[in-house]
Amino acid sequence: MGLRKDQTRARILDAAYEAFWRSGFSRTNVDGIAARARLTKRTLYAHFRSKDDLLAAVLEHQSELTRARMAEIDASLTNTRNGLIDSLFSQLAAWQTRQRRFAGSGFTRLAAELADMPGHPARAIAARHKLWVERWYAQRLRKVGVTQADAKARQIMLLIEGSMSLVVIHGDRDYFTAAAKAAKRLL
């Protein structure tokens, strides 16, 4: 792809991410994404065959960005169990604080919205992404000497996903603190 084509694709992905994040998949339309990207609908369709393909590309792109952020986070993690848990949950709390309207994980929200469409490519991408994150947690747990790291990473994922959902529902970031305390007891 040429530079201009890459830039156009990036504009579309950014506009689509913002639209899907704000409104969800069902309430977002291609006309709105094209307008947000300051492009014609025809140009958008020259890059993506459908709204479904666009959503899949957005999630793939966001997964890549998350992996890069997790690599940065990895450098700042401590080598103690409690320090690891404190760091993970404080990162979540900081993320929530930076958002104007915290809505939790876009992967989780979109997968839930598409629950009645099990074959949708976005669901498969969300599943792969969440599995990658869970395995990343397991690797970090192994580094600090946690036994049964895979099982405990899965339990921590439950605490993370649950705390994000409850912060969205109640607007109370103390759910992150409660989840961190529960994660420490697990370890």
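Residues numbered from 1 in each chain as written. Predicted model: local features only at pLDDT ≥ 70, side-chain atom pairs only at ≥ 80, totals over all residues. Heavy atoms only, no water.

### Looking at the side chain of H120
Phase 1: Mapped onto the elements, H120 comes out in the loop between α6 (106–113) and α7 (121–143).
Phase 2: Once residues within four sequence positions are removed from consideration, H120 is found in contact with F25, D52, L55 and L114. (Helix = DSSP H or I, 4+ residues; strand = E, 2+ residues; numbered from the N terminus. Contact = heavy atoms within 4.5 Å.)

### Regarding unusual backbone geometry
Phase 1: A positive phi angle, close to 60°, is found at R38, a residue other than glycine.
Phase 2: The topology assignment puts R38 in the loop between α2 (30–36) and α3 (41–47).
Phase 3: The class for R38 is exposed, based on a relative accessible area of 65%.
Phase 4: Positive phi is not limited to glycine here, since Q148 has a value of about 50°.
Phase 5: Residue position: Q148 is located in the loop between α7 and α8 (149–170).
Phase 6: On the accessibility criterion, Q148 (59% relative accessible area) is exposed. (Buried < 20%, exposed > 50% of the residue type's maximum accessible area, 1.4 Å probe, protein only.)

### Observations concerning the side chain of R140
Phase 1: With respect to the helices and strands, the residue R140 is situated in helix α7.
Phase 2: Judged by relative accessible area, which is 11%, R140 ranks as buried.

### Observations concerning helix α5 (residues 81–98)
Phase 1: Taking 1.5 Å as the rise per residue, α5 with 18 residues should run 26 Å; its terminal C-alpha atoms sit 26 Å apart, in good agreement.
Phase 2: Within the span of α5, buried status applies to G83, L84, I85, S87, L88, F89, L92, A93 and Q96.
Phase 3: In the core, the buried residues of α5 are packed alongside α7, α8 and α9 (174–186).
Phase 4: Near the N-terminus of α5, the side chain that reaches the backbone nitrogen of G83, with its oxygen 3.0 Å away, is that of T80. (Expected span 1.5 Å × (residues − 1). Polar contact = N/O pair within 3.5 Å; in protein donor to acceptor, adjacent residues only side chain to side chain.)

### A look at the nonpolar core
Most often, soluble globular proteins keep nonpolar side chains buried together rather than apart.
Phase 1: In terms of nonpolar packing, the biggest core is built from 29 residues, with F89, Y137 and L141 touching the most fellow members.
Phase 2: Elements represented by at least two residues in this core include exactly α4 (51–76), α5, α7, α8 and α9.
Phase 3: When residues in this core are grouped by element, the largest group, seven residues, is from α8.
Phase 4: The residues contacting L141, other than those within four sequence positions of it, are L84, V146, A149, K152, A153, I156 and L187. (Core = buried A, V, L, I, M, F, W, Y, C linked by side-chain atoms within 4.5 Å.)

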